[in-house]
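# Coordinate inspection notes
Chain by chain, the residues run as shown.
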Amino acid sequence: MNLWLSILILTLVAALICFFPLLLKAKKSTSVKRDDLNKAFYFERLKELEIDENQGLLENTKQLKLELQQSLLEDIPQQAESTFLSEKNYGKLWFVSGFLALAILSGAAYFAVGSWQSEIMLEKTAEKLPYFYERIKSETTNPLDEAEMQQFATALRVDLQKNPNNAKNWWLLGQLGMNLQQPRMALDSFARANKLEPDNNQYKLGYARVLMFSEDTTDKLKGNNLLREVIREDHSNIEALSLLAFSYFETEDYKMAAVTWAMMLKLLPKDDPRAPIIERSIRSARDALEGQEQEKHQQVIPNKEN
């Protein structure tokens, strides 16, 4: 309803801008014609009275001139007013015709190339949001393909326009942003979720992960601080410990990386499929630490010999 009202108002404004001179033209033209008629009739009749007066045919010339003025002022305006109304009506008719033509053309153009079809598609996609909520429950066994993730992200965006304070949907949109390799969408979505619920470690962890993978050192530092907040509140958070160990390894602090992975290994069940991966990570950290210490040792020995 608001859309059609907006279209009607905009069309009316455009019609006023384009066709309003039609309403003014008749008035101006008629006013000029009436003045010309008044002058023409008055002076013509005045000449006739003067001729008759000179010939001695008239006795009360002043009275006749006064009556002439009165009659002209009474008769001619009525005729001019009639002409004015006629032309004014034609101006209104042209204005209404132009307005209707503009409305039809603008409506046809909107239906041809307007965004109404996209809006309908977005609304239909948003209606599938409950389906996607059920769909992600089987994500581990039946993951969403790229097309489904795109539709899910679109549905979440439409819903978040109506409900911008839904922290869970912002977090889900951030997860989809990571899976779709859209870091900006992931960063913004996780930031909104964390802002809405700053005490939620799951949202804080998602935000920290994106920040730590950023190339900006300020983002990395902020991500590390968020990560340490999570670990202080939950020492057994496997995902947080994994991110912390990766951060240590990336900054070549191999000793702390190995220690953190060892802590993770103790927290995991024996038959956990992640255990072999963590064991390999610990060996990689220890090998890198050994190589780092040998390099330092080789740098110290030449200095002593010199």
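Looking up the protein chain in an unreviewed UniProt entry gives the name Cytochrome c-type biogenesis protein CcmH, with the organism given as Aggregatibacter segnis ATCC 33393. Per UniProt, the protein chain has the following entry under Subcellular location (unreviewed entry): "Cell envelope".

### Quick word on a nonpolar patch on the surface
A cluster of nonpolar side chains, namely Met 256, Val 259 and Met 263, defines an oily patch on the protein surface of about 230 Å² accessible area. Relative to the elements of secondary structure, Met 263 occurs in helix H11 (residues 254-267).

### Quick notes on the side chain of Thr 260
In this fold, Thr 260 is placed in helix H11. Overall, the relative accessible area of 3% leaves Thr 260 in the buried class. A polar contact of 2.7 Å, which involves the side chain of Thr 260, links it to the backbone oxygen of Met 256. Those residues in contact with Thr 260, other than ones at most four positions away along the chain, are Leu 241, Leu 244, Ala 245 and Tyr 248.

### As for the side chain of Arg 135
With respect to the helices, strands and loops of the structure, Arg 135 is situated in helix H4 (residues 129-135). The buried category is assigned to Arg 135, whose relative accessible area is 10%.

### Structural notes on the environment of Met 149
Note on placement: Met 149 falls in helix H5 (residues 146-162). Among the residues examined, Met 149 registers a relative accessible area of 10% and is labelled buried. Note: C-alpha distance between Met 149 and Phe 132 (17 residues apart in sequence) is 9.0 Å. Apart from the residues within four sequence positions on either side, Met 149 is in contact with Leu 144, Leu 176, Asn 179 and Leu 180.

### Concerning the packing of aromatic side chains
Taken as a whole and judged by the stated rule, the model has seven aromatic pairs. Plain terms: the ring middles of Phe 132 and Phe 152 are 5.0 Å apart, the flat faces sit at 15 degrees to each other, and that makes the pair stacked. Residue Phe 132 is found in helix H4, and its partner Phe 152 is found in helix H5; the two are separated by 20 residues along the sequence. In this structure, Phe 132 and Phe 152 share a single accessibility class: buried. Between Trp 171 and Tyr 203, the aromatic rings sit 6.1 Å apart at their centres with planes inclined by 35 degrees, giving tilted as the arrangement. With a gap of 32 residues between them, Trp 171 in helix H6 (residues 167-179) and Tyr 203 in helix H8 (residues 201-212) connect regions that are remote in the sequence. A relative accessible area of 14% places Trp 171 in the buried class.

### Some details on H8
Compared with the 16 Å implied by 1.5 Å per residue over 12 residues, the 16 Å span of H8 between its first and last C-alpha is a close match. Within the sequence span of H8, burial applies to Asn 201, Tyr 203, Lys 204, Leu 205, Gly 206, Tyr 207, Ala 208, Arg 209, Val 210, Leu 211 and Met 212. As for H8, its buried residues are in contact with H6, helix H7 (183-196), helix H9 (217-233) and helix H10 (238-250). Regarding H8, its N-cap is Asn 200, as a side-chain oxygen of that residue lies 2.9 Å from the backbone nitrogen of Gln 202 further along.

### What about the packing of H6 against H8?
At a closest axis distance of 11 Å, the pairing of H6 and H8 adopts a crossing angle of 30 degrees. If you check the angle between H6 and H8, you find them roughly parallel. Note on packing geometry: the crossing formed by H6 with H8 is left-handed. Only Gln 202, Tyr 203, Arg 209 and Val 210 of H8 make contact with H6, whose side of the interface consists of Ala 167, Lys 168, Trp 171, Gln 175 and Met 178. Partitioning the contact of H6 with H8 into residue classes produces five nonpolar, two polar and two charged.

### Section: the packing of H6 against H7
Two elements in contact, H6 and H7, have axes whose closest approach is 7 Å; the angle formed by their N-to-C orientations is 155 degrees. Between H6 and H7, the angle is such that the two are roughly antiparallel. At the point where H6 passes H7, the crossing takes the left-handed sense. When H6 is examined against H7, the residues Ala 167, Trp 170, Trp 171, Leu 173, Gly 174, Gln 175, Leu 176, Gly 177 and Met 178 are found in contact with a partner set consisting of Pro 183, Met 185, Ala 186, Ser 189, Phe 190, Arg 192, Ala 193 and Leu 196. Its residues assigned to classes, the contact of H6 with H7 comprises 12 nonpolar, four polar and one charged.

### A short note on the UniProt feature "repeat: TPR" (unreviewed entry) in the protein chain
In this structure's numbering, the residues bearing the UniProt feature "repeat: TPR" (unreviewed entry) are residues 167-200. As annotated, residues 167-200 has a helix share of 79% and a strand share of 0%, and its two end C-alpha atoms lie 10 Å apart.

### A few points about the nonpolar core
Ranked by internal contacts, the top residues of the largest apolar core, which has 47 residues, are Phe 152, Leu 156, Leu 173, Leu 227 and Trp 261. Three or more residues apiece are contributed to this core by two domains, here domain 1 (122-232) and domain 2 (235-295). Apart from the residues within four sequence positions on either side, Leu 227 is in contact with Leu 205, Ala 208, Met 212, Ala 240, Leu 243 and Leu 244.

About the criteria used
Residues numbered from 1 in each chain as written. Predicted model: local features only at pLDDT ≥ 70, side-chain atom pairs only at ≥ 80, totals over all residues. Heavy atoms only, no water. UniProt positions renumbered as here; feature names shortened; annotations may be inferred. Patch = residues over 30% accessible without salt bridge, like charges linked within 9 Å, V, L, I, M, F, W, Y side chains within 5 Å. Areas by Shrake-Rupley, 256 points an atom, 1.4 Å probe, with all protein chains shown as cover. Salt bridge = Lys/Arg side-chain N within 4 Å of Asp/Glu carboxyl O. Helix = DSSP H or I, 4+ residues; strand = E, 2+ residues; numbered from the N terminus. Buried < 20%, exposed > 50% of the residue type's maximum accessible area, 1.4 Å probe, protein only. Polar contact = N/O pair within 3.5 Å; in protein donor to acceptor, adjacent residues only side chain to side chain. Contact = heavy atoms within 4.5 Å. Phe/Tyr/Trp six-rings, centres within 6.5 Å; stacked < 30°, edge-to-face > 60°. Expected span 1.5 Å × (residues − 1). Axes fitted to C-alpha atoms, helices over the stretch in contact; angles between N-to-C directions. Parallel < 35°, antiparallel > 145°, perpendicular 65-115°, else oblique. Left-handed = near helix turned anticlockwise from the far one by under 90°. Nonpolar A, V, L, I, M, F, W, Y, C, P; charged D, E, K, R; others polar. Core = buried A, V, L, I, M, F, W, Y, C linked by side-chain atoms within 4.5 Å. Domains from an automatic or database assignment.

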